[in-house]
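Reading the structure
Take a look at the letters that make up each chain.
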Amino acid sequence: TAPYETLVVETRETVGLITLNRPKALNALNAALIRELGEALEAFEFDEVVGAVVITGAEKAFAAGADIREMADKSFADVYLADLGGAWRRVVGCRKPRIAAVSGYALGGGSELAQMCDLVFASPTAKFGQPEITLGIIPGFGGTQRLTRAVGKAKAMDLILTGRMMDAEEAERAGLVSRIVPAETLLDEALEAGAKIASFSRAAVLAAKEAVDVAAEVGLSEGVRFERRMFQAMFATDDQTEGMAAFVEKRKPAFKNR
Ligand code: CO8
């Protein structure tokens with residue numbers, strides 16, 4: 001594996017697996033970790049075998065937020081010139097689906113990292129929150145935008161203005177969490193979902209993700225038009241021919257990512 005300082009990065013057959021690894025700081029997201037996360041995801045982007053990526057943390061904490069010790073003494077000029085928060089562009093710029101497997105605390109930037117993932121699996125111990133307000137700051141890794149889109153204004157305001165945490169059940173009901181999974185099988189189920197996604201036509205997967213992501217950016221008629229063009233474009237792929245032929249012939253499709 002690559003010499004990462006803050007992550008453990010592996011490949012489980014067709015799924016990339018990134019484990020945040022700063023246990024003493026509850027996986028607080030320091031500059032090195034955010035940089036390495038971008039590097040690891042970009043490496044998986046270029047790995048043809050990998051079709052999806054799982055990002056997980058530890059049992060007690062997925063990630064307890066941005067590293068407060070690292071930020072404590074910074075000035076506006078420091079964070080502005082360092083573009084603090086900007087390094088996340090590399091994470092969200094990656095096109096392969098990301099699955100967050102969340103156990104324990106997902107706070108501040110940790111919650112925002114989950115929001116940057118396409119699927120969020122949570123164990124019953126998961127706790128999501130945006131406690132930035134308690135530190136005299138506001139979310140800076142997209143929380144005011146992505147959380148609001150995920151759970152709506154009423155709940156986003158509640159979480160962001162009071163700093164309270166929500167448990168896995170509330171987060172699932174609110175639309176932040178895709179599935180609640182028993183703690184013992186959390187990682188396996190995330191890897192299984194990743195393998196499932198990786199088994200489908202790569203073009204169809206990337207197009208589907210791109211189209212869903214467009215929903216957060218544009219109006220309905222523009223979004224539907226984008227979807228229709230992408231849908232039609234799928235008929236230029238061999239995988240569409242194969243997928244439909246396999247259905248008609250009552251056999252499993254053998255997608256070739258063409
Ligand atoms: N940063 C740095 N260190 C942390 C962090 C953190 N976010 N969270 C925990 N740690 C450290 C603790 O300091 C402690 O270290 P030590 O043992 O050396 O004292 C160790 O991890 C264990 O933590 P606790 O002893 O506090 O464990 P508890 O079980 O008592 O409590 C909590 C767990 C409730 C999760 C508690 O640690 C906590 O409240 N953590 C901070 C949560 C928080 O406020 N997160 C938001 C951070 S701000 C943020 O994410 C903003 C993102 C956008 C910034 C963009 C800027 C442009």
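Presented here is a report on the structure given in the accompanying data block. No experiment lies behind these values; they were computed from the predicted model shown.

**Side note on the packing of aromatic side chains**
- Within the structure shown, the criterion is met by three aromatic pairs.
- With 4.9 Å between their ring centres and 50° between their planes, tryptophan 88 and phenylalanine 141 make a pair best called tilted. On the criterion of sequence distance, the pair formed by tryptophan 88 in helix H4 (residues 88-92) and phenylalanine 141 in the loop between strand E8 (127-129) and helix H6 (143-151) is long-range, its members being 53 residues apart. Accessibility assignment for this pair places tryptophan 88 and phenylalanine 141 in one class, buried.

**Section: H6**
- Those residues of H6 lying buried are Gly143, Leu147 and Val151. Viewed end-on, H6 has its buried residues packed into an arc of 20°, placing them on one side of the element.
- On its buried face, H6 sits against helix H5 (109-115), helix H7 (153-162), strand E9 (165-167) and helix H8 (168-174).
- Of the residues flanking the end of H6, it is glycine 152, one or two places downstream, whose phi is positive at about 90°.

**Regarding the side chain of glutamate 170**
- Within the secondary structure, glutamate 170 is located in helix H8.
- Using a relative accessible area of 12% as the deciding quantity, one classes glutamate 170 as buried.
- Apart from residues lying up to four places away in sequence, glutamate 170 is in contact with Lys155 and Arg164.

**Focus: the site of the ligand**
- Around the ligand, a shell composed of 23 residues is seen, among which Lys60, Ala66, Ile68, Arg69 and Gly109 lie nearest.
- Interatomic distance of 2.6 Å between a side-chain N/O atom of lysine 60 and an oxygen atom of the ligand.
- Protein coverage of the free-state accessible area of the ligand, which is 1100 Å², stands at 67%.
- Elements supplying a minimum of two residues to the shell around the ligand: helix H2 (68-71), strand E6 (105-107) and H5.
- It is H2 that provides the largest number of residues to the shell around the ligand, a total of three residues.

**Let's talk about H7**
- Of all the residues in H7, the buried ones are Ala156, Leu159 and Ile160. For H7, the angular spread of buried residues about the axis comes to 90°, placing them on one side. Seen from the buried face of H7, the exposed residues on the opposite side, beyond 90 degrees, are Ala154 and Leu161.
- Looking at the packing, one finds that the buried side of H7 touches H6 and E9.
- Note on H7: the residue one or two positions beyond its end, glycine 163, has a positive phi of about 75°.

Basis of the calculations
Residues numbered from 1 in each chain as written. Predicted model: local features only at pLDDT ≥ 70, side-chain atom pairs only at ≥ 80, totals over all residues. Heavy atoms only, no water. Phe/Tyr/Trp six-rings, centres within 6.5 Å; stacked < 30°, edge-to-face > 60°. Helix = DSSP H or I, 4+ residues; strand = E, 2+ residues; numbered from the N terminus. Buried < 20%, exposed > 50% of the residue type's maximum accessible area, 1.4 Å probe, protein only. Arc of directions from axis to C-beta. Contact = heavy atoms within 4.5 Å. Near = heavy atom within 4 Å. Polar contact = N/O pair within 3.5 Å; in protein donor to acceptor, adjacent residues only side chain to side chain. Areas by Shrake-Rupley, 256 points an atom, 1.4 Å probe, with all protein chains shown as cover.

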